[in-house]
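Coordinate inspection notes
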Amino acid sequence: EVDLDERFGELDLRNDSDIPDVPPSTDSTPEILKRALSGLSARWKNWWIRGILTLAMISMFFLIIYLGSFMLMLLVLSIQVKCFHEIITIGYRVYHSYDLPWFRSLSWYFLLCVNYFFYGETVADYFATFVQRREQLQFLIRYHRFISFALYLAGFCMFVLSLVKKHYRLQFYMFAWTHVTLLITVTQSHLVIQNLFEGMIWFLVPISSVICNDITAYIFGFFFGRTPLIKLSPKKTWEGFIGGFFSTVVFGFIFSYFLAQYQYFVCPVEYNSETNRFVTECEPSELFQIKKYSVPPLLQAVLGWESVNMYPFQMHSIALATFASLIGPFGGFFASGFKRAFKIKDFADTIPGHGGIMDRFDCQYLMATFVHVYITSFIRGPNPSKLLKQLLILQPEQQLNVYKTLKSHLVEKGILQPSLRG
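Because the structure is a prediction, the values reported are computed rather than measured. (Residues numbered from 1 in each chain as written. Predicted model: local features only at pLDDT ≥ 70, side-chain atom pairs only at ≥ 80, totals over all residues. Heavy atoms only, no water.)

1. A short note on the UniProt feature "transmembrane region" (unreviewed entry) in the chain
The UniProt record marks residues 47-79, 100-119, 139-161, 173-193, 199-225, 237-260 and 313-335 with the feature "transmembrane region" (unreviewed entry), using the residue numbering of this structure. Helix makes up 96% of residues 139-161 and strand 0%. Its end C-alpha atoms lie 31 Å apart. (UniProt positions renumbered as here; feature names shortened; annotations may be inferred. Helix = DSSP H or I, 4+ residues; strand = E, 2+ residues; numbered from the N terminus.)

Pasting the structure below:
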C-alpha cells in the first residue's frame, strides 16, 4: 500500500513536458466570412477577420455606453464570469483524467461567494439610502461580512471533505488555481466598477486606451514590425510597441478632451432612490473645467504657442495612456506565458480571430488596478455627498451628537458665532 501511494504521489510531480495537451481550439469564424475571404493568404485573412470583429465589438461597446451605467456594470460582470470560465476550463481539461471530485462545482461556488462579498460591499457603500428603506436588506448589510465569511467557510469545509487519497497534492494545486483566478478576475472587475462610480470618464479613458494600444500596436507591428520584442510573444515587435505608445498617448489626450465636455461622462455615478435610477448630474469639478496653461519655452519655438487652454484631466490622461501602453502589455505577456505553460494558443475560441474573452481583457485587469490606485492616491478627496448619506442612516440620537460635535468644532474655529443664551 505504501508503494502504491508513492507511485501515485509521483504523478503529482510531473514536469511541464508531461502536462497533457489541451484540445486545440476550433475555428469559430462564420461561414460567410470564410467564403468572402477564401482567396486571401492566411496572414491577410486573419487581418480582415480581426478587423471586422474589432469594429463589431467597438460598436457594441458604444451601444452599451449609450444605454447607461447599469448596463456597463452588467457588461463587466458578464466579462468577469466568462473570463473565470475560460481559465477554470483550462484547468479542468488539463487534469481531466484525474476526475477530481467537486472541482468545478466548488470553483463556481467560490465565485458566487466572492461576488456576493464584493457586490454587497458596493451596495452598502453606494446605495445606503436605498438599503435604509428595506428591513430585509438592512439585516443582510449589517451582517454582510459575517455571512460572506460563513459562506466561504462552507466551501472550504466542502473542499477538505472532498480530498481523495492519492490526489491530495493535485487537489491543492486546483484549490490554488481557483483562488488565483478569483484574484485576477473578480477583484479586478470590482475595481473597474469602483472606477466607474467615480465618473464614467475614469472607466472609458483607461479601457479605450488599452484597446487603442492593442489595435495600433498590432497595425504598426503588422506593417513595420521587424525587431522581436519578447520571446513569450514572438509576434510582438519593438516597432509595434513604440508605435502603439505614441498613438495611445495622442488618442488618450484627444479622447479625454471630448469626454470632459459632458456631465454624462465626468459626474460621479450615483443612485437616485426616488427615481430608482442611476444619475450623472453634478457641477463638474476643477478637473473638468478649462484652464489656461503656459507652454514650456522649448515647445514654444516648435508649436508657436505661448499658452494653451485645456482640461486638467487631460494631463492625467497622459499618465493613464502611458501606463496602458508601457506597462499594460505586460498583462498580455503574462497571459502568453500562462498559455505557453499549458500548450494552448488562446484561452478559448469565443471571438473569431481574437481567441477568448480573456485574450482581449488580459491587459484590462492590470489597468483597472492602476486606475483605482491612481484615483485614491492623486485624485479622490473627502466626499461630502457620501458622508451625508452615511449620516442619514444613523439613529436620530447619533445624528444629534454628530451635529453638536460639529457645531462645537466650528465655533472653536471661529466659523460660527456662539449662540447667545438669555
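2. Regarding the pattern of salt bridges
Here the idea is simple: oppositely charged side chains can pair when their charged atoms come close. Applying the stated criterion across every chain yields a total of four salt bridges. Put simply, Glu286 and Lys291 hold a salt bridge, and the shortest N to O gap is 3.8 Å. For Glu286, a relative accessible area of 57% translates into the label exposed. The class of Lys291 is partly exposed, set by a relative accessible area of 35%. Here Asp359 and Lys339 are joined by a salt bridge, their closest N and O atoms 2.7 Å apart. Pair noted here: Asp359 is in helix H16 (residues 357-379) and Lys339 is in helix H15 (residues 329-341), with a separation of 20 residues, a long-range link. We classify Lys339 as buried; its relative accessible area is 11%. (Salt bridge = Lys/Arg side-chain N within 4 Å of Asp/Glu carboxyl O. Buried < 20%, exposed > 50% of the residue type's maximum accessible area, 1.4 Å probe, protein only.)

3. Some words on a nonpolar patch on the surface
Taken together, Leu40, Trp44, Trp48, Ile52, Ile219, Phe223 and Phe224 make up a surface patch of nonpolar side chains, about 640 Å² in accessible area. Mapped by element, the contributors of at least two residues to the nonpolar patch are helix H3 (42-67) and helix H10 (200-224). (Patch = residues over 30% accessible without salt bridge, like charges linked within 9 Å, V, L, I, M, F, W, Y side chains within 5 Å. Areas by Shrake-Rupley, 256 points an atom, 1.4 Å probe, with all protein chains shown as cover.)

4. Side note on the side chain of Ser189
Along the polypeptide, Ser189 turns up in helix H9 (residues 168-197). Among residues more than four places away in sequence, those in contact with Ser189 are Val76, Gln80 and Tyr365. (Contact = heavy atoms within 4.5 Å.)

5. Here's the deal with the nonpolar core
Formed by 41 residues in total, the largest nonpolar core has its most connected members in Leu72, Ile201, Trp202, Phe203, Leu204, Phe288 and Leu320. When residues of this core are traced back to their parent elements, those giving at least two are H3, helix H4 (69-94), H9, H10, helix H11 (238-259), helix H12 (263-266), helix H14 (312-326) and H16. Broken down by element, the residue count for this core peaks at eight residues, all from H10. Sequence-distant contacts of Leu204, that is, excluding residues within four places in its chain, are made with Phe61, Ile65, Phe255, Leu259 and Phe265. With 32 residues, the next largest nonpolar core counts Leu53, Leu100, Phe110 and Tyr365 among its residues. (Core = buried A, V, L, I, M, F, W, Y, C linked by side-chain atoms within 4.5 Å.)

6. A closer look at the state of the cysteines
This structure, assessed with the given rule, holds one disulfide. What pairs with Cys267 in a disulfide is Cys282, and their sulfur atoms sit 2.0 Å apart. Linking Cys267 and Cys282, the disulfide has an S-S dihedral of approximately -90° and is accordingly described as left-handed. Pair noted here: Cys267 is in the loop between H12 and strand E3 (270-272) and Cys282 is in the loop between strand E4 (277-279) and strand E5 (291-294), with a separation of 15 residues, a long-range link. The class for Cys282 is partly exposed, based on a relative accessible area of 26%. (Disulfide = S-S within 2.5 Å.)

7. Overview of the environment of Gln261
Looking at the secondary structure, you find Gln261 in the loop between H11 and H12. Separated by 3.2 Å, the side chain of Gln261 and the backbone oxygen of Tyr257 make a polar contact. (Polar contact = N/O pair within 3.5 Å; in protein donor to acceptor, adjacent residues only side chain to side chain.)

8. A few points about the packing of aromatic side chains
In this structure the tally under the stated criterion is 31 aromatic pairs. Ring geometry for Phe288 against Phe313: centres 5.4 Å apart, planes inclined by 35°, an arrangement best described as tilted. You can see Phe288 sitting in the loop between E4 and E5 and its partner Phe313 sitting in helix H14, a full 25 residues away along the chain. By the burial criterion, Phe288 is buried, and Phe313 matches it. (Phe/Tyr/Trp six-rings, centres within 6.5 Å; stacked < 30°, edge-to-face > 60°.)

9. Thoughts on H15
The end-to-end C-alpha distance of H15, which contains 13 residues, comes to 19 Å, matching closely the 18 Å that a straight helix rising 1.5 Å per residue would cover. Along H15, the positions that sit buried rather than exposed are Pro329, Gly331, Gly332, Phe333, Ala335, Ser336 and Lys339. Just downstream of H15, Lys343 is the residue with a positive phi angle, here 55°. (Expected span 1.5 Å × (residues − 1).)

10. Details of helix H5 (residues 103-126)
End to end, H5 covers 35 Å across 24 residues, agreeing with the expected 34 Å (1.5 Å per residue, within 8%). Three or more residues of H5 are buried, namely Phe103, Leu106, Ser107, Phe110, Leu111, Cys113, Val114, Asn115, Phe118, Gly120, Thr122 and Tyr126.

11. Quick word on unusual backbone geometry
Phi is positive for Lys343, which is not a glycine, with a value near 55°. Relative to the assigned elements, Lys343 resides in the loop between H15 and H16. What makes Lys343 partly exposed here is its relative accessible area of 38%.

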